[in-house]
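Structural description and commentary
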Amino acid sequence: MDPTLIAPFVKSVQNVFATMLQLPVEVEEPKIKEGKSTTYDVSAIIGMSGDCVGSVVLSFEEESALRIVALFTGTEAAVDSPDFADAVGELVNMISGGAKAMFEGRKASISTPSVVLGSSHVVSSQKDLPTIVLPCVTDCGRFAIEIAIQDQVESADAESQSTATTA
Amino acid sequence: MKILLVDDSKTMRNIQKSVLSQLGYSEIEEACDGQDALSKVKAFGPDLLLVDWNMPNMDGLSFVKAYRQDDKVTPIIMVTTEAEKSRVIEAIKAGVNNYVVKPFTPDLLSQRIQETLEKCAAA
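Residues numbered from 1 in each chain as written. Chains lettered and ligands numbered in written order. Predicted model: local features only at pLDDT ≥ 70, side-chain atom pairs only at ≥ 80, totals over all residues.

Observations regarding the overall build of chain A
Check the secondary structure of chain A and you find four helices and eight strands. Along its sequence from the N terminus, chain A presents helices and strands in the succession α-β-β-β-β-α-α-β-β-β-β-α. Whereas a compact globule of 167 residues would reach a radius of gyration of roughly 15 Å, chain A reaches 16 Å, a difference of no more than 12%. Taken along its principal axes, the extent of the C-alpha atoms in chain A is 60 × 30 × 30 Å. Of all 167 residues assigned to chain A, the portion counted as buried reaches 40%. Relative to all contacts within chain A whose residues are 6 or more apart in sequence, the contacts with residues 24 or more apart total 71%. (Helix = DSSP H or I, 4+ residues; strand = E, 2+ residues; numbered from the N terminus. Rg over C-alpha atoms; globule rule 2.2 N^0.38 Å. Buried ≥ 20, exposed ≤ 12 C-beta atoms within 10 Å, placed from the backbone. Contact = placed C-beta atoms within 7 Å.)

Describing the nonpolar core
Residue and element names in this part refer to chain A. With 45 residues, the main nonpolar core has L58, V88, L91, V92, I95 and I145 as its most contacted residues. For this core, the elements supplying multiple residues, two or more each, are helix 1 (7-21), strand 3 (42-50), strand 4 (52-60), helix 2 (62-73), helix 3 (82-100), strand 5 (108-110), strand 7 (132-138) and strand 8 (141-151). Per-element tally for this core: the top contributor is helix 3, with nine residues. Excluding anything up to four places from it in sequence, I145 contacts F9, V13, V56, L58, I95, L134 and C136. (Core = buried A, V, L, I, M, F, W, Y, C linked by C-beta atoms within 7 Å.)

With respect to the interface of chain B and chain A
Between chain B and chain A, the residue contacts involve 17 residues of the former and 18 residues of the latter. Per-class residue counts for the side of chain B that touches chain A are six nonpolar, six polar and five charged. (Nonpolar A, V, L, I, M, F, W, Y, C, P; charged D, E, K, R; others polar.)

Remarks on helix 3 of chain A
Residues separated by three or four positions in an α-helix point in the same direction, a consequence of the helix having 3.6 residues per turn. For helix 3 of chain A, which comprises 19 residues, the first-to-last C-alpha distance of 27 Å matches the rise-based estimate of 27 Å (1.5 Å per residue) to within 8%. The buried fraction of helix 3 of chain A amounts to 17 of the 19 residues, a majority that puts the element mostly inside the structure. (Expected span 1.5 Å × (residues − 1).)

Considering the sheet that holds strand 1 (residues 2-6) of chain B
Residue and element names in this part refer to chain B. In space, the five strands of this open sheet follow the order 2-1-3-4-5, with parallel pairing throughout. At either margin of the open sheet sits one strand with a lone partner, and together these are strand 2 (27-31) and strand 5 (98-101). Taking each pair of neighbouring strands and ignoring which way they run, the sheet shows an average axis angle of 20°. Looking at chain direction, strand 1 and strand 2 are connected through five bridges and run parallel. When the sheet's bridge partners are listed, L4 is paired in strand 2 with E29. Each of strand 3 (48-51), strand 4 (76-80) and strand 5 touches helix 5 (residues 106-122); the most contacted strand, strand 5, lies at about 175° to it. (Pairing = 2+ DSSP bridges. Axes fitted to C-alpha atoms, helices over the stretch in contact; angles between N-to-C directions.)

Focus on unusual backbone geometry
Residue and element names in this part refer to chain B. Cis peptide bonds are those with omega within 30 degrees of zero, and the linkage from K102 to P103 qualifies with 0°. Within the element layout of this structure, P103 appears in the loop between strand 5 and helix 5. Phi at N57 takes a positive value of approximately 65°, unusual for a residue other than glycine. By secondary structure assignment, the location of N57 is in the loop between strand 3 and helix 3 (60-70). For N57, a count of 13 C-beta atoms within 10 Å translates into the label partly exposed.

What to know about the packing of helix 2 (residues 34-44) of chain B against helix 3 of chain B
Residues and elements named next belong to chain B. Two elements in contact, helix 2 and helix 3, have axes separated by 9 Å at closest approach and are oriented at 25°. Regarding the angle of helix 2 to helix 3, the classification is roughly parallel. Considering the relative orientation of helix 2 and helix 3, their crossing is right-handed. For the pair helix 2 and helix 3, contact is made by G34, A37, L38 and V41 and by G60, S62, F63, A66 and Y67, respectively. (Parallel < 35°, antiparallel > 145°, perpendicular 65-115°, else oblique. Left-handed = near helix turned anticlockwise from the far one by under 90°.)

Digging into the confidence of the model for chain B
All names here are of chain B. When pLDDT is averaged across chain B, the result is 96; 100% of the residues are at 70 or more. Averaged pLDDT values for the elements of chain B fall to 93 in helix 5 and rise to 98 in strand 3. Our summary of model confidence lists the complex with pTM equal to 0.91 and ipTM equal to 0.91. (pLDDT = per-residue confidence, 0-100.)

Focus on the environment of V64(B)
All names here are of chain B. When you line up the elements, V64 lands in helix 3. Given 23 C-beta atoms within a 10 Å radius, V64 is considered buried. Expressed as a C-alpha distance, the spacing of V64 and Q114, which sit 50 residues apart in the sequence, is 20 Å. Once residues within four sequence positions are removed from consideration, V64 is found in contact with V51, I76, A94, G95 and V96.

Side note on the pairing of strand 4 of chain A
Residue and element names in this part refer to chain A. Counting buried residues in strand 4 gives eight out of nine residues, a clear majority hidden from the surface. Bridge count for strand 3 against strand 4 is seven bridges, and the pairing is antiparallel. Bridging across to strand 4, G47 finds its partner in S55. Where strand 3 folds back on strand 4, the antiparallel hairpin that results is connected by one residue. Pairing between strand 4 and strand 8: nine bridges, direction antiparallel. Paired with C52 across the two strands is D151, which belongs to strand 8.

The following block contains the structure:
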């Protein structure tokens, strides 16, 4: 995956949390995801299409999610309530929307978000596409951004170069 | 002043409602997508619309284009995560009067609402 697609997510998550929650986010070193399950038990998922295709998952510890949602909405919501799903969905929407606007020379669209709850659930991504995990730390607890995106422009360039070399 | 909020996220509608309340506006109607908004505009008769872009059933841009067929005057502010310049231009061409990128501070939203209303009143 093109590493230049990762930095926009770092900037965007810090911007969204600072602006909407007044909550600083420390983003730790990115790593490649091992195993199939999401990092934590609450996932807000958004699809990306256009020049960059794949998915972005905002994966929260349940306790962190509850605190962050309370700070974001100003009210406490049960983890299985529609209001909770709406709030975490809106966070992944703003983070992904902000990130894609920073992709240089790439036009991408985002889907409407979905939210999945439960321990050890799996969000399937495209075969052979590595998932980059950005561990995030806040005063409300930990969460992670899992990014599995393929740069279609870069892939097409690589394919045309390979065809030219073999021709 | 009657204001229609069009956003599929109840969280965002609540945040916007809170900003509008602080500005002294209380006559607010909500719609969860473009189709819902189209079904409400005639009866409600808004003086200002705040419209999200990415929504299920009918997105904000399609709603603005449909709404502008009948009403070319009532101000519309797009409030969206779509931050690319090309998107802003697309929205303005469709008939949007002002644009707010999410995330936003309450101050920024207030400022955009006030400047939009002043500009439209002076036109």
